[in-house]
Amino acid sequence: MKRILVTGGAGFIGSALVRYLVRNKLAEVLNYDKITYAGNSSSLKEVDSDPLYHFAYGDICDLQAVEKAFRTFKPDSILHLAAESHVDRSIDSPAEFVRTNVLGTATLLQVALDYWKRLPPDKQETFRFQHISTDEVYGALGEEGFFTEKTPYAPHSPYSASKASSDHFVRAWHDTFGLPTLITNCSNNYGPYHFPEKLIPLTILNALDHKALPVYGKGANVRDWLYVYDHVTALCLVNEKGRPGETYNIGGHNERTNLQVVQSICRILDELAPWEKPYESLITFVTDRPGHDLRYAIDPTKIETELGWKPSENFDTGLARTVRWYLDNEWWWRPIREKKYAGRRLGSL
Ligand code: NAD
Ligand code: TYD
């Protein structure tokens, strides 16, 4: 069975990937994670006693610990998701984004290259270093157009600048040293186990607590939303069939303004968890995010035509599922809201 090293497997997307691989017996997995505020071992409860799942506690910037993980686990492939991922936190404290996203990725690349060079030729042929990145590296779109794999990089936030930088390092390790790399740039994800600092889970949980639902600016900024398990199937397909050195954009044509997203959540909650007032009455417009990108939208033609990927959820079905998941899984989010992050405004300068 294939052996996959996943970094950041205790995070939102990483845990969805690990659950998918282990549950479907697709690979033996080592999750290498430092468990920052965003990492949560309870997101892996359903697989943590499975013999296909292993955990190694460590920082991706720690060269020796990363070397040990490669040496002992002997992966056939690495999917690198560990990162600082929240734009608002990157405005408050950019240094950690440079450290983890840039230096951490460079450390992993160095160790992976040394490891790859020593593999027998057949293993070298199939080994992949896959970097899980974001569409935010492309900057902001106006009212029209889409990001393709050829769109020039133009990041604006410290988060997107750090991810753009790490993408460049990954490409350099392919072009200079021949490491078989893959880069995927995905649009905004949503779904179960999403840390409630991000728009969708924050809105759901604030609404359930009858607290204000903060909408930045006029709520006119547009994001292109993808259900997290659709991202996971795309990642696995790229890992299996993607061409080394290539980039694949991932998105499902689900553009919404932020205000539309918040209003849709309110309408679902009005039905599933009725309250004395419509939840929309909690919507509060607040100071805009500095450097707020107007619009993101992905053109997924390459992954659809070259690899045959298709998402299974549209935004309406995925959002309803997500709201129901939060209603049914208070055991997961209540401790986070009480002990880690209660929803205060971040990144407003
Ligand atoms: P997340 O913040 O939920 O999880 C990040 C994980 O990385 C956590 O488990 C954390 O403990 C771990 N981590 C952080 N720093 C580490 C370090 N120095 N060493 C080891 N582990 C460390 O992030 P996510 O939303 O699951 O995103 C995963 C990846 O996907 C990131 O690289 C992100 O840039 C990318 N991405 C995210 C989205 C999105 O919408 N969330 C979209 C496209 C791409
Ligand atoms: P977020 O979930 O932080 O993702 P990203 O910044 O990576 O796109 O934010 C999604 C959008 O929602 C973004 O345009 C900022 C906006 N937003 C709000 O309006 N209110 C909020 O409380 C948050 C967290 C985000």
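So, a few notes on the structure that sits alongside this text. Please read all numbers here as calculations on a predicted model, not as lab measurements. (Residues numbered from 1 in each chain as written. Chains lettered and ligands numbered in written order. Predicted model: local features only at pLDDT ≥ 70, side-chain atom pairs only at ≥ 80, totals over all residues. Heavy atoms only, no water.)

1. Focus on the site of ligand 1
Stage number 1. Surrounding ligand 1, one finds 29 residues, the nearest of these being Ile13, Asp33, Ser85, Tyr159 and Lys163.
Stage number 2. Separating an oxygen atom of ligand 1 from a backbone N or O atom of Ile35 is a distance of 3.3 Å.
Stage number 3. In the model, an oxygen atom of ligand 1 is placed 3.4 Å from a nitrogen or oxygen of the Ile132 main chain.
Stage number 4. Protein chains bury 97% of the 830 Å² of accessible surface belonging to ligand 1 in isolation. (Near = heavy atom within 4 Å. Polar contact = N/O pair within 3.5 Å; in protein donor to acceptor, adjacent residues only side chain to side chain. Areas by Shrake-Rupley, 256 points an atom, 1.4 Å probe, with all protein chains shown as cover.)

2. Brief notes about helix H1 (residues 12-23)
Stage number 1. Over its twelve residues, H1 runs 17 Å from end to end, which matches the ideal 16 Å to within 8%, given 1.5 Å per residue.
Stage number 2. The element H1 is extensively covered by neighbouring structure, given that ten of its twelve residues are classed as buried.
Stage number 3. Looking at the buried residues of H1, the elements they touch are strand E1 (3-7), strand E2 (28-33), strand E3 (53-57), strand E4 (77-80), strand E7 (188-190) and helix H8 (228-241).
Stage number 4. Positive backbone phi, approximately 50°, marks Lys25, located one or two places after H1. (Helix = DSSP H or I, 4+ residues; strand = E, 2+ residues; numbered from the N terminus. Expected span 1.5 Å × (residues − 1). Buried < 20%, exposed > 50% of the residue type's maximum accessible area, 1.4 Å probe, protein only. Contact = heavy atoms within 4.5 Å.)

3. Concerning helix H2 (residues 63-73)
Stage number 1. Listing the buried residues of H2 in full gives Val66, Ala69, Phe70 and Phe73. All buried residues of H2 lie within an arc of 95° about the axis, which places them on one face of the element. For H2, the exposed residues set more than 90 degrees away from the buried face come down to Gln64, Arg71 and Thr72.
Stage number 2. On its buried face, H2 is in contact with E1, E2, E3, E4 and helix H4 (95-117).
Stage number 3. Where H2 terminates, the next one or two residues include Lys74, which has phi positive at roughly 55°. (Arc of directions from axis to C-beta.)

4. A short note on the environment of Ser90
Stage number 1. Following the sequence through the fold, Ser90 ends up in helix H3 (residues 87-92).
Stage number 2. According to the relative accessible area criterion, Ser90 is buried, its value standing at 0%.
Stage number 3. It is 33 Å that separates the C-alpha atoms of Ser90 and Glu240, two residues lying 150 residues apart in sequence.
Stage number 4. Excluding anything up to four places from it in sequence, Ser90 contacts Phe97, Ser157, Pro158 and Tyr159.
Stage number 5. Within polar-contact distance, the side chain of Ser90 engages the backbone nitrogen of Tyr159 at 3.1 Å.

5. What to know about the packing of aromatic side chains
Stage number 1. For the structure on display, the rule yields 21 aromatic pairs.
Stage number 2. Ring geometry for Tyr190 and Trp225: centres 6.3 Å apart, planes at 80°, overall edge-to-face. Here Tyr190 is found in strand E7, whereas its partner Trp225 is found in strand E9 (residues 222-227), with 35 residues between them in sequence.
Stage number 3. On the basis of relative accessibility, which here comes to 4%, the residue Trp225 falls in the buried class.
Stage number 4. Taken together through their ring pairs, the aromatic side chains of Tyr190, Trp225, Tyr227, Tyr229 and Phe315 make up a single cluster.
Stage number 5. Against the face of Phe73 rests Arg3, its NZ or CZ located 4.3 Å from the ring centre. (Phe/Tyr/Trp six-rings, centres within 6.5 Å; stacked < 30°, edge-to-face > 60°. Lys NZ or Arg CZ within 6 Å of the ring centre and 35° of its normal.)

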